[in-house]
Amino acid sequence: MKTDLWIKYRHGYNIEVNAAGVDKGSGLTELGKLLGIQREEIMAVGDGDNDIAMLKKAGFGVAMANAGDEVKAAADYVTGTNDEEGAAKAIEIFALRGE
């Protein structure tokens, strides 16, 4: 039996293993389709290399300030760090206020 796997390291201390061609981005867009949500209406927040595909495929990608440069480059916006409640701040600014 042949199995194609996609392996992504995150912060050097854990790994994410998915079927080939499957990542957080494809999962997010598929969920959007099931729920009737357009890609352009989806905001994703991430801080690890395993979040890059998700940030690129979402309508609006937000990287945490503590993320690496490659993650930040994939995002449309960089918010505060995890310790600064950056994800909550981004949700408040872009989802709740509608800016």
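Residues numbered from 1 in each chain as written. Predicted model: local features only at pLDDT ≥ 70, side-chain atom pairs only at ≥ 80, totals over all residues. Heavy atoms only, no water.

Trainee: What exactly am I supposed to notice about the overall build of the protein here?
Mentor: Each helix and strand in the protein was counted, giving four helices and five strands. The linear arrangement of helices and strands in the protein, starting from the amino end, is β-β-α-β-α-β-α-β-α. For the protein, the proportion of its 99 residues judged to be buried stands at 31%. Pairs at least 24 apart in sequence give 22% of the contacts found in the protein among residues at least 6 apart. (Helix = DSSP H or I, 4+ residues; strand = E, 2+ residues; numbered from the N terminus. Buried < 20%, exposed > 50% of the residue type's maximum accessible area, 1.4 Å probe, protein only. Contact = heavy atoms within 4.5 Å.)

Trainee: Sorry, what's going on with the sheet that holds strand S5 (residues 77–78) here?
Mentor: Think of a sheet as strands paired side by side through backbone hydrogen bonds, with each pair either parallel or antiparallel. Read from one edge to the other, the open sheet built from three strands follows the order S3-S4-S5, with strand pairing classed as parallel. Looking at strand neighbours, the two that pair on one side only are strand S3 (43–46) and S5, the edges of this open sheet. Alignment of strand S4 (residues 60–63) against S5, held across two bridges, turns out to be parallel. Its bridge partner lying in S5, Val62 is registered against Tyr77. Helix H4 (residues 86–96) rests against S3, S4 and S5 of the sheet, and its axis sits at about 160 degrees to S3. (Pairing = 2+ DSSP bridges. Axes fitted to C-alpha atoms, helices over the stretch in contact; angles between N-to-C directions.)

Trainee: Hey, could you run me through the environment of Asn82 in this one?
Mentor: Within the secondary structure layout, Asn82 lies in the loop between S5 and H4. On a C-alpha basis, the gap between Asn82 and Met64 in space is 6.8 Å, while along the polypeptide they are 18 residues apart. Once residues lying within four places of it in the same chain are set aside, the contact partners of Asn82 are Asp47, Met64 and Asn66. In terms of polar contacts, Asn82 uses its side chain to reach the side chain of Asp47, at 3.4 Å. (Polar contact = N/O pair within 3.5 Å; in protein donor to acceptor, adjacent residues only side chain to side chain.)

Trainee: Sorry if this is basic, but what is going on with the nonpolar core here?
Mentor: Nonpolar side chains tend toward joint burial in soluble globular proteins. Leu28, Ile42, Ala44, Ile52, Met54, Leu55, Ala58, Ala63, Ala67, Val71, Ala74 and Ala75 together form the largest nonpolar core, which totals 12 residues. Looking at this core, the element that brings in the most residues is helix H2 (residues 52–57), giving three residues. For Ala44, the residues in contact, after removing those within four places along its chain, are Leu28, Met54, Leu55, Ala58, Phe60, Gly61 and Val62. (Core = buried A, V, L, I, M, F, W, Y, C linked by side-chain atoms within 4.5 Å.)

Trainee: Can you help me understand the pairing of S3 in this one?
Mentor: The side chains of a regular strand alternate between the sheet's two faces. Side chains Ala44 and Gly46 project from S3 onto a buried face, and the interleaved Met43 and Val45 project onto a face without burial. Tracing the backbone out of S3, into H2 and back to the parallel element S4 gives a crossover that is right-handed. (Right-handed = clockwise from strand over helix to strand, strands pointing away.)

Trainee: Help me out: how do you make sense of the pattern of salt bridges in this one?
Mentor: For side chains of opposite charge, pairing can occur when their charged atoms come near one another. Applying the stated criterion to the full structure yields five salt bridges. One salt bridge in this structure joins Asp23 and Lys57, with 3.4 Å as the shortest N-O distance. Placement of Asp23 in the loop between strand S2 (14–19) and helix H1 (24–35) and of Lys57 in helix H2 is noted, with a sequence separation of 34 residues between them. Residue class for Asp23 comes out buried when judged on its relative accessible area of 15%. Residue Lys57 is classed as partly exposed on the basis of its relative accessible area, which comes to 31%. (Salt bridge = Lys/Arg side-chain N within 4 Å of Asp/Glu carboxyl O.)

Trainee: Is there a simple way to explain a nonpolar patch on the surface in this structure?
Mentor: A contiguous nonpolar patch, built from Leu31, Leu34, Leu35 and Ile37 and spanning about 420 Å² of accessible area, is present on the exposed surface. With respect to the secondary-structure elements, Leu35 resides in helix H1. Given a relative accessible area of 55%, Leu35 falls into the exposed group. (Patch = residues over 30% accessible without salt bridge, like charges linked within 9 Å, V, L, I, M, F, W, Y side chains within 5 Å. Areas by Shrake-Rupley, 256 points an atom, 1.4 Å probe, with all protein chains shown as cover.)

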